[in-house]
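Fold and contact review
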Amino acid sequence: MLDLNNLRKEKFEGVCKILDIILVVLFAAFFVLSLFPYYSVQKGEMVSARGYETKAKEDDSWSLLGYVGFPDSHSSVANWQAKMYSSNKKIIKANQANGYTGAIKSFAGSKGWMATNKKGEQNPYQDLKIPGITTKTVSIKQVGGALFLNIFALIGIALLLLKKGIGRALYSVVWAVCGALAFQFNYLLNLSSTFVRPTMLAIVYAALVVSVVATVLYAIDGRSRAKYLRSVSAAYA
């Protein structure tokens, strides 16, 4: 009988284990960096995210996890958000009056769908001056990027240490893709003024490369193992 607990080692099994360790290190480094100073501004300096600016009214600094835990303690971000919202306020109200209420209808309107307002009229959706800013205060959409990446980095570490198989590599690919998108579009993640953001971004891209390679190697080994098991099964038949 074939002992499934004592199968032969596949060609890339050792390499995959090394890649798993590298991913654990990258996830852990990302989480630790979230405790380092991510943002620092002096009174009178410009607070800038993705090219949109306002002037800081007081000194302020925070780490990503520090901000996630105490967002109300950082007026420079709150003032930035309020100013950006003021640029969008009239357009937001006009869109709502034209029937573009809620995230789904607003997204559909931005893609050309025409809503009908209470008067039975159809008016086109108006694009926001500052994309994505729809609330006066910092919302979960902003904070959620940092929170998501850190929570799922810890989950990734647990999966890589406790589980086996290609699923962990695929999980890491998804995490890295979400991270790359978050650092591109999330305003809070673009507020950084220290070395932490570029370092975290480098970690995200490194994790993407490593996890893609690991996924490919796991898939190759998986096909090889399946072929071997079929041959053995045929021999025992």
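Cut-offs and rules
Here the residue index of a chain counts from 1 through its sequence in written order. Residues qualify for local features only when their pLDDT is at least 70, as the model is predicted, and side-chain atom pairs are given and counted only at 80 or more; totals for whole chains, interfaces and linings, by contrast, use all residues. Side-chain metrics rest on all non-hydrogen atoms present in the structure, leaving aside hydrogens and water. The residues that make up patches have over 30% relative accessible area and no salt bridge, and they are joined within 9 Å when like-charged or within 5 Å when they are Val, Leu, Ile, Met, Phe, Trp or Tyr. Note on areas: Shrake-Rupley, 1.4 Å probe, and residue coverage restricted to the protein chains presented here. The term salt bridge refers to a pairing of a side-chain nitrogen on Lys or Arg with a carboxyl oxygen on Asp or Glu at a separation within 4 Å. Runs of H or I in DSSP of at least four residues are treated as helices and runs of E of at least two as strands, each being numbered from the N terminus. Residue burial is assigned from relative accessible area. The probe radius is 1.4 Å, only protein chains are included, and a residue is buried under 20% of its type maximum, exposed over 50%, and partly exposed in between. Aromatic contacts are taken between Phe, Tyr and Trp rings whose centres are within 6.5 Å, Trp giving its six-membered ring; a plane angle under 30 degrees counts as stacked, one over 60 as edge-to-face, and the others as tilted. To define axes, lines are fitted to C-alpha atoms, for helices over the stretch in contact only, and angles between the resulting N-to-C directions are given on a 0 to 180 degree scale. Reported orientations rely on four angle classes, namely roughly parallel under 35 degrees, roughly antiparallel over 145, roughly perpendicular from 65 to 115, and oblique for the rest. Note on convention: near helix rotated counterclockwise from far helix by under a right angle means a left-handed crossing. Clockwise means right-handed. Whether two residues are in contact is decided by their heavy atoms, any of which lying within 4.5 Å being enough. Residue classes follow a fixed rule: Ala, Val, Leu, Ile, Met, Phe, Trp, Tyr, Cys and Pro count as nonpolar, while Asp, Glu, Lys and Arg count as charged, and any other residue, Gly among them, counts as polar. Summary of the metric used: pLDDT quantifies the predictor's per-residue confidence within the range 0 to 100. By this rule the span expected of a helix is its residue count minus one, scaled by 1.5 Å. Two axes enter the bend calculation: one fitted to the seven residues ending at the residue in question, the other to the seven starting there, and the bend is the angle between them. Grouping buried Ala, Val, Leu, Ile, Met, Phe, Trp, Tyr and Cys residues that are joined through side-chain atoms within 4.5 Å yields what is termed a nonpolar core.

Before going further, it helps to examine a nonpolar patch on the surface. On the surface, Val32, Leu35, Phe36 and Phe195 cluster together to form a nonpolar patch covering roughly 380 Å² of accessible area. Turning to its location among the elements, Phe195 is positioned in the loop between α6 (166-185) and α7 (196-236). By relative accessible area, Phe195 is classed as partly exposed at 48%.

Going through the model one piece at a time under the given rule, you end up with 12 aromatic pairs. Aromatic side chains Phe36 and Phe195 sit 6.4 Å apart centroid to centroid with 90° between the ring planes, which places their arrangement in the edge-to-face category. Placement of the pair is Phe36 in the loop between α1 (13-33) and β1 (37-41) and Phe195 in the loop between α6 and α7, with a sequence separation of 159 residues. The partly exposed category is assigned to Phe36, whose relative accessible area is 37%.

Here the focus is the packing of helix α5 (residues 140-162) against α6. Any two packed helices are characterised by how steeply their axes cross, that is the angle between the axes, and by the distance between the axes. Two numbers describe how α5 lies on α6: the axes approach to 10 Å, and their chain directions differ by 165°. In terms of axis orientation, α5 runs roughly antiparallel to α6. Here the hand of the crossing between α5 and α6 comes out left-handed. Residue-level inspection shows Phe148, Leu149, Phe152, Ala153, Ile155, Gly156, Leu159 and Leu160 of α5 in contact with α6, the latter providing Arg168, Tyr171, Ser172, Trp175, Cys178, Gly179, Ala182 and Phe183.

So, on to the packing of α1 against α5. Running from N to C, α1 and α5 cross one another at 155°; their axes reach a closest spacing of 9 Å. Taken together, the axis directions place α1 and α5 in an arrangement best described as roughly antiparallel. Both α1 and α5 take part in a crossing whose hand is left-handed. Facing α1, whose interface residues are Asp20, Leu23, Val24, Phe27, Ala28, Phe30 and Phe31, α5 presents Leu149, Asn150, Ala153, Leu154, Gly156, Ile157, Leu160 and Leu161. Across the contact of α1 with α5, the residue classes break down as 12 nonpolar, 2 polar and 1 charged.

Turning to the confidence of the model for the chain, a few remarks are in order. This prediction gives the chain a mean pLDDT of 89; 90% of its residues lie at or above 70. The secondary structure element of the chain with the lowest average pLDDT is α7, at 82, and the one with the highest is α6, at 96.

Before going further, it helps to spend a moment on the side chain of Gln142. Mapped onto the elements of the fold, Gln142 is located in helix α5. Filtering out sequence-adjacent residues up to four positions away, Gln142 remains in contact with Gln81, Ile133, Asn186, Tyr187 and Leu188.

Once that is clear, we can look at helix α3 (residues 75-97). End to end, α3 covers 31 Å across 23 residues, agreeing with the expected 33 Å (1.5 Å per residue, within 8%). If you look at α3, its biggest bend is around 50°, right at Asn88. Buried residues belonging to α3 abut β1, β2 (46-49), β3 (52-55), β4 (60-63), α2 (64-69) and α5. Backbone geometry just downstream of α3 places Gly99 in the positive-phi region, at approximately 100°.

In this structure, Trp62, Trp175 and Phe183 are the most contacted members of the largest nonpolar core, which totals 57 residues. For this core, the element with the highest residue contribution is α7, accounting for 10 residues. Among residues more than four places away in sequence, those in contact with Trp62 are Pro37, Tyr38, Tyr39, Tyr67, His74, Val77, Leu188 and Leu191.

Below, the discussion takes up the pattern of salt bridges. Enumeration over the complete set of coordinates arrives at 1 salt bridge. Asp20 is paired through a salt bridge with Arg168; the nearest N and O atoms lie 2.8 Å apart. Note that Asp20 is positioned in helix α1 and Arg168 in helix α6, a separation of 148 residues in sequence. Since its relative accessible area comes to 7%, Asp20 is described here as buried. Classification of Arg168 by relative accessible area gives buried; the value is 7%.

In this section: the side chain of Gln81. With respect to the helices and strands, the residue Gln81 is situated in helix α3. Exposure remark for Gln81: the relative accessible area of 2% places this residue in the buried category. Those residues in contact with Gln81 that sit more than four places away from it in its chain are Ile133, Thr135, Lys136, Thr137, Val138 and Gln142.

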